[in-house]
Amino acid sequence: MTLFIQSMQYSLSFPSGEVNYIFSNATEALTAITAKDSCILITDANVAALYPPFFEGYKTLIVSAGEANKTWESIKIVAEKLLEYEAHRNTLLIGVGGGVITDLTGFIASTYMRGVAFGYIPTTLLGMADAAIGGKNGINLGLHKNILGTIQQPKFLLYDVAFLSTLPDEEWSNGFAEVIKYACLFDEALYQELSQHNIHFYKHNDQDLERLIAKCADWKNKTVLADEKEQNGRKLLNFGHTAGHAIETLYNLPHGQAVALGMIIACTVSEKACGLNSAVKENLKALLLQYNLPVQLLINPGRVMEILIMDKKRNQDSIDFIVLNKVGEAEIKSLSFDIIQQALVSFAHASSN
Ligand code: ADP
Ligand code: ZN
């Protein structure tokens, strides 16, 4: 594996614990962090099959790949295996994989024997730029996404972009949905940079890719450091996710694709709720298409609304919704269900033309 071009390390102090960020060669850095007999690696079948040398000499738990496995049943299987492997209070659990694996690892580590230390080695763009950061780890229960979970920080996050060399195209797009989210929320310059490039460019320019990932990690960390428990500012990170999660559940879409559609819907809501210029949505559509993400889907607005209403972030008859004022500036607004319903109807209508 190649070394991160600018090998670097820093640590951040969250209320629930200190996190060490390491950008380096994964094999070498892992050897430096921990002894092989004091940790257990948790990964999925795809990652295990792609990187056998990485796992050599480590006790490794392999779970089935995919969001459908972010369930209670997987937790039970992993917990039973941990007992079998005689994992104890001082065993370090390390999740090596995409968002599903880091969520499962964080959840199990936070609860196994009332909590053991854990670390993450994200291997997808989505994991590196977003999912592995911030200490949220949840599992799904039926249609309810991330309804069971904890907020607990990993001891370390180890980044090695060499893992991305095997990432399927669709997973690159999924990751870019979150990258574009960060640009929309916080960073107009990043938005402009993304407009000038595409996936092919980042795949072949490691240094730019590393910078991009580090920038998203910075934005997420900055937000989470200010509000780890999501009382206020952290809610901003849900941009595109309120309608997005409902669409993801209902139409069984990959997370990134659903977030792309959710961001378009959030733009329509923003036009109605705070006068966002409609040119922003048209520009965002072009950017999403540039990263092979969908911008329309024939949704049933009523069904989407039903799922959205049972969302855990709801209040009585309103919902905390993230609206854009312009690219790089967002805010949390308590909105009536009506305004969201209207946006869903207009999205469905636009998708049928
Ligand atoms: P996320 O998109 O949240 O990171 P997953 O954990 O489901 O979600 O990962 C997406 C898919 O990518 C899974 O099928 C997983 O096995 C696969 N995957 C993870 N890392 C790699 C990699 N480095 N190369 C190829 N496939 C990978
Ligand atoms: Zn997301």
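Structure: above.
Residues numbered from 1 in each chain as written. Chains lettered and ligands numbered in written order. Predicted model: local features only at pLDDT ≥ 70, side-chain atom pairs only at ≥ 80, totals over all residues. Heavy atoms only, no water.

### Some words on the coordination of the zinc ion (ligand 2)
For a metal with four donors in a tetrahedral arrangement, the ideal angle between donors is 109.5 degrees, while six donors in an octahedron ideally sit at 90 or 180 degrees.
Point 1. Looking at the zinc ion (ligand 2), one finds its protein donor set to be Glu178 (OE), His241 (NE2) and His255 (NE2), positioned 1.9 to 2.1 Å from the metal centre.
Point 2. Spacing between the donor residues of the zinc ion (ligand 2) along the chain follows E-x62-H-x13-H. You can see Glu178 sitting in helix α7 (residues 169–186) and its partner His255 sitting in helix α12 (residues 255–274), a full 77 residues away along the chain.
Point 3. Judged by its relative accessible area of 0%, Glu178 is buried. (Donors = N, O, S within 2.8 Å, 3.2 Å for Na, K, Ca; no water. Helix = DSSP H or I, 4+ residues; strand = E, 2+ residues; numbered from the N terminus. Buried < 20%, exposed > 50% of the residue type's maximum accessible area, 1.4 Å probe, protein only.)

### Some words on the sheet that holds strand β3 (residues 39–44)
Note on sheets: strands pair through backbone hydrogen bonds, and any given pair is parallel or antiparallel.
Point 1. Taken in spatial order, the 7 strands make up an open sheet running β1-β2-β9-β6-β5-β3-β4, and their pairing is mixed. Across the chains shown, the open sheet's two edge strands, defined by having one partner strand only, are β1 (8–14) and β4 (59–63). Strand-to-strand twist of the sheet, defined as the mean angle between neighbouring strand axes without regard to direction, takes the value 20°.
Point 2. Across 2 bridges, the pairing between strand β6 (residues 118–122) and strand β9 (residues 156–159) is parallel. Of the residues in β9, the one forming a bridge with Tyr120 is Leu157.
Point 3. Its contacts with the sheet put helix α1 (residues 26–33) on β2 (17–23), β3, β5 (92–97), β6 and β9, and the angle it makes with β9 is roughly 155°. (Pairing = 2+ DSSP bridges. Axes fitted to C-alpha atoms, helices over the stretch in contact; angles between N-to-C directions. Contact = heavy atoms within 4.5 Å.)

### Regarding the side chain of Thr124
Point 1. Within the secondary structure, Thr124 is located in the loop between β6 and α6 (125–131).
Point 2. A polar atom in the side chain of Thr124 sits 2.9 Å from the backbone nitrogen of Gly127. (Polar contact = N/O pair within 3.5 Å; in protein donor to acceptor, adjacent residues only side chain to side chain.)

### Thoughts on the pairing of strand β8 (residues 144–151)
If a strand is regular, its side chains alternate between the two faces of the sheet.
Point 1. Of the strand pairs in this sheet, strand β7 (residues 136–141) and β8 are connected by 5 bridges, and their pairing is antiparallel. The residue of β8 that forms the bridge with Leu141 is His144.
Point 2. In sequence, β7 turns back onto β8 through a hairpin of 2 residues, with Gly142 there showing a positive phi of about 60°.

### Things to note about unusual backbone geometry
Point 1. With a phi angle near 50°, Met113 is a residue other than glycine that sits in the positive phi range.
Point 2. Along the chain, Met113 falls in the loop between α5 (99–111) and β6.
Point 3. Positioned with a positive phi, Asn292 is a non-glycine residue whose angle comes to about 55°.
Point 4. Accessibility expressed as a relative area gives 56% for Asn292, which makes it exposed.

### Here's the deal with helix α8 (residues 188–196)
Point 1. Three or more residues of α8 are buried, namely Leu190, Tyr191, Glu193 and Leu194. For α8, the angular spread of buried residues about the axis comes to 160°, placing them on one side. Structural note: α8 exposes Ala189 and Gln196 on the side pointing more than 90 degrees away from its buried face.
Point 2. As for α8, its buried residues are in contact with α7, α9 (199–204), α10 (206–226) and α13 (278–290). (Arc of directions from axis to C-beta.)

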